[in-house]
Amino acid sequence: MRMNMKSNHQAVQSKNIRMWSRVVYDFKRSPQAIISLAFLIFLVLVAVFAPLIATNDPINTNLSLRLRPPFGFDKYEPSFFFGTDALGRDVFSRMVFGTRVSLLVGFSVVLISGTLGTVLGLLAGYFGGKTDDIIMRLADIQLAFPFMLLMLAVLAVIGAGLWNLIMVLGITNWVSYARVVRGQVLSIREKEFVDAAREIGAPHKHIIFKHILPNVLSSIIVIASFSVASAIISEATLSFLGLGVPASVPTWGTILSEGRSYITRGWWLMILPGSAIALTVLSINILGDWLRDIIDPRMQID
Amino acid sequence: MDYIIRRLLQSIIVVFGVTIVSFGFQFLSGDPTYAIIGEAQGMTQEQVDAFRHTMGFDRPVPIQYLDWLSKAFKGDLGKSIYYSKPNTEIISQRFPATVEIAIFALVLSLLIAIPLGIVAATHRNSFWDRISMVIALIGQSLPTFWVGLMSILVFSVWLKWLPVSGRGTFRQLILPSVTLSLYPLARNTRMIRSTLLEVLGEDFIRTARAKGLKPGAVLLRHALRNALIPVITLIAIDFGSLLGGAMVVETIFAWPGMGTLTVNSIFAKDLPLVQACVVFLAVIFVAINFIVDFVYVVLDPRVRLR
């Protein structure tokens, strides 16, 4: 029995290795995926080396340099590549530092919501019955609220701020993980290697995390990639509405929020940070789509 | 019938949960009194206590909840602090504007998504298929609020074709509803394409083709009828999420609907009104979902057997 389970387990592992080697193989043949990944690596580097890349202090105001246009336009101020905002701050440097916030929010939210959603999905799928009922009703309740509305209402009570934002986004984004993981666990728990593990008396915790989790990991990665994108959009939207990151912190959302009043005189304050968000999200979604096509084309997210 | 009853019970549980969350969020920071009046600068302790008493926050929380719930059942969602009017009255004035923009956006997205999805699925890997996938990808990647801002910049500021904001004329409806339609357009195109592709691969389609039916008839009579059933669910869910998701678009275009109402009441710290808006939109969403399930049973006999 033990032998049998062991070999089953190995079969699953080698299936995983085969899958990942196919991922690498397909990746080399997909130009969109390569460009997207390159762009995201570039962003990570920008975020890490922000102080070295920024040409000016992102917070320093200079009222004699208000609303200067970007490089190549009339009245351009040297070293202020992307122009200046209404307080004369350097838009380029603010965007460089804004990269940090966007990526930090994207990854922290996915870490929190991915862990929460995966654990709840595993529990619901594995134990079924009452546990499943309770978790799925919680998911229904969560989904009944218009997402932005709930975020705004909660942030209005607990106060805006980077960590509050990350916590609230992290806690409210678990449903898509839980639903997909639960669906897959329902079929995996009927497989022989799970039966075998149960027969020899392996504890539930061992079966769930050692036998079932490795088999749902690839789907979790696909959902995670899409939810990094949606977390970045949510942060920008909430900061734009004034309930995300405080306006003093340079982020892509706060630049847009402050630039909104100068839409007639400072078009670059709209176009540049907005394009940064759009390109980042687009790259992540292209990678996510590509990953989903390889791993499970029939997977339904959202 | 069992299925409908089970779904009804589930919906009731969900509505119950929704009321708990809608009521409970104001206690996240402890005493909601301070969430409303801020740090109470310039207010004496007596004034704060008096305010707490008029709002009923000095009672035990379960009592407050049951009182609020029983009133909500009778159609009384409390009174707004800012407008000093009943919340239901304010909501009933604002809700039609949101329904208007949501319906427009939904119809617009379907007018494009359905034909595009069908062409993409029937002519796989063609030019139109690629276009549909690009639209789906871009539509799901662009942040709605940025699309709104850019459309103001391009169509109102630069080209001066359309008004920046407000409600009343048809021209004022165009920018907000087009902006709002972008996301459902992208999602529906993708969804219609993939469900239709799935149906086209099934045995009964092959049978229909094998017996010599024309491709158009196969598509209309056999494929579409089956592929559009899941799309109905999607339309209803879209409508529900558009009602709530219009918030950002409404704020940008100063559209006087539920969205601007909620955002403004959040900034005015008018918690009773925020609470009323949240529970109102969420209950509508649950109701729409339940009705969809009901329609589903009527349209697709297979569901009844589950």
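Computed from a predicted model, the values in this text were never measured in an experiment.

(A) Representation of the overall build of chain B. Check the secondary structure of chain B and you find 13 helices and zero strands. In chain B, the order of α-helices and β-strands from amino to carboxyl end is α-α-α-α-α-α-α-α-α-α-α-α-α. Once the C-alpha set of chain B is aligned to its principal axes, its extents read approximately 85 × 60 × 30 Å. Across the 306 residues in chain B, those meeting the buried criterion constitute 49%.

(B) Spotlight on the domain arrangement of chain B. Residues and elements named next belong to chain B. Entries for chain B in the domain assignment read domain 1 (31–76) and domain 2 (88–305). Its C-alpha centre places domain 1 at a distance of 38 Å from the equivalent point of domain 2. Summed over the three residues of domain 1 that lose the most area to domain 2, namely A35, I36 and W68, the buried surface amounts to 72% of that side. Counting across the domain 1 and domain 2 interface gives zero salt bridges. In this structure, the connection of domain 1 to domain 2 is made through zero residue pairs in polar contact (both at pLDDT 80 or more). Of the residues that constitute the side of domain 1 that touches domain 2, the class distribution is five nonpolar, one polar and no charged.

(C) Molecular detail of the interface of chain B and chain A. Every contact between the two is made by 50 residues of chain B and, on the other side, 43 residues of chain A. Across the chain B/chain A interface, buried area totals approximately 3,800 Å², and carbon plus sulfur atoms make up 78% of it. Notably, a salt bridge pairs A:D289 with B:R190, separated by 3.2 Å at the nearest N-O pair. Here chain B is connected to chain A by six residue pairs in polar contact (both at pLDDT 80 or more). Breaking the side of chain B that touches chain A down by element, the ones donating at least two residues are α1 (2–24), α6 (127–141), α7 (144–158), α8 (170–200), α10 (215–252), α11 (258–267) and α12 (271–299) of chain B.

(D) Representation of a nonpolar patch on the surface in the model. All names here are of chain A. Together, L37, I41, V44, L45, V48, F49, L52 and I53 make up an exposed nonpolar region whose accessible area comes to about 700 Å². Contributions of two or more residues to the nonpolar patch are made by α2 (31–48) and α3 (50–53). The greatest single-element share of the nonpolar patch, amounting to five residues, is contributed by α2. As for its placement among the helices and strands, L52 is situated in helix α3.

(E) Local environment of the nonpolar core. Among the nonpolar cores identified, the biggest contains 138 residues, and A:L152, A:I212, A:L256, A:W290, B:V18, B:F145 and B:I252 are the most heavily contacted of them. With 18 residues, the top contributor of residues to this core is helix α10 (residues 204–241) of chain A. Per-domain counts for this core show at least three residues from each of domain 1 (31–76) and domain 2 (88–305) of chain B. With residues near it in sequence (within four places) discarded, B:I252 still touches A:F240, A:R260, B:F145, B:G148, B:L149 and B:I152. Core analysis: the second largest hydrophobic core is formed by 12 residues, B:V199, B:V218, B:L219 and B:A223 among them.

(F) Broad picture of the packing of helix α12 (residues 268–295) of chain A against α6(B). Interhelical geometry of α12(A) versus α6(B) gives an angle of 130° and a closest axis separation of 9 Å. In terms of orientation, α12(A) and α6(B) fall into the oblique class. α12(A) and α6(B) meet at a crossing whose hand is right-handed. Together, A:A278, A:V281, A:L282, A:N285, A:I286 and A:D289 of α12(A) and B:L137, B:I138, B:Q140 and B:S141 of α6(B) make up the contact between the two elements. For the contact of α12(A) with α6(B), the residue count by class is six nonpolar, three polar and one charged.

(G) Molecular detail of the confidence of the model for chain A. Taken residue by residue, chain A gives an average pLDDT of 85. The fraction at 70 or more is 92%. No element of chain A has a lower mean pLDDT than helix α1 (residues 2–28) of chain A, which averages 64, and none a higher one than helix α4 (residues 91–127) of chain A, which averages 94.

(H) View of the confidence of the model for chain B. All names here are of chain B. Counting all residues, the mean pLDDT for chain B is 84, and 97% of those residues have values of 70 or more. By mean pLDDT, the top-scoring element of chain B is helix α5 (residues 87–122) (91), and the lowest-scoring one is helix α13 (residues 301–305) (60). Interface scoring of the predicted complex returns ipTM 0.84; its pTM is 0.86.

Parameters at a glance
All residue numbers here refer to positions counted from 1 along the written sequence of the relevant chain. Chain letters start at A and ligand numbers start at 1, both assigned in the order the entries are written. Since the coordinates come from a predicted model, pLDDT governs what is reported: local features require at least 70, and pairs of side-chain atoms require 80 or more to be given and counted, while whole-chain, interface and lining totals use all residues. Excluding hydrogens and water, the side-chain figures rest on all heavy atoms present in the structure. Per the convention used, a helix needs a DSSP run of H or I reaching at least four residues, while a strand needs a run of E reaching at least two, with both numbered from the N terminus. Exposure is judged per residue with a 1.4 Å probe applied to protein chains only, and the accessible area is read against the type maximum: over 50% gives exposed, under 20% gives buried, and values in between give partly exposed. These domain boundaries are the output of an automatic or database domain assignment. Two parts placed together each lose some accessible area under a 1.4 Å probe, and adding up what both lose gives the buried area. The working definition used for a salt bridge is a side-chain nitrogen of Lys or Arg within 4 Å of a carboxyl oxygen of Asp or Glu. For the purposes of these results, a polar contact is taken to be a pair of N or O atoms within 3.5 Å, where, inside protein, one atom must be able to donate a hydrogen and its partner to accept one; residues adjacent in sequence count only when each atom of the pair is a side-chain atom. Polar here means any residue other than Ala, Val, Leu, Ile, Met, Phe, Trp, Tyr, Cys and Pro, which are nonpolar, and Asp, Glu, Lys and Arg, which are charged; Gly is therefore polar. For this analysis, residues touch if any pair of their heavy atoms sits within 4.5 Å. The patches reported here contain residues having more than 30% relative accessible area and no salt bridge. Joining distances are 9 Å for like charges and 5 Å for nonpolar side chains (Val, Leu, Ile, Met, Phe, Trp, Tyr). Using a 1.4 Å probe, accessible areas were evaluated by the Shrake-Rupley method; residue-level cover was limited to the displayed protein chains. Put simply, a nonpolar core is a bunch of buried Ala, Val, Leu, Ile, Met, Phe, Trp, Tyr and Cys residues held in one set by side-chain atoms that sit within 4.5 Å of each other. Under this scheme, a helix contributes an axis fitted over its contacting stretch, all axes are lines through C-alpha atoms, and angles between N-to-C directions fall in the 0 to 180 degree range. Throughout this description, any angle smaller than 35 degrees is read as roughly parallel, any larger than 145 degrees as roughly antiparallel, any in the 65 to 115 degree range as roughly perpendicular, and the remainder as oblique. A crossing counts as left-handed when the near helix is turned anticlockwise from the far one by less than a right angle, and as right-handed when that turn is clockwise. For every residue, the predictor states its confidence as a pLDDT score lying anywhere from 0 to 100.

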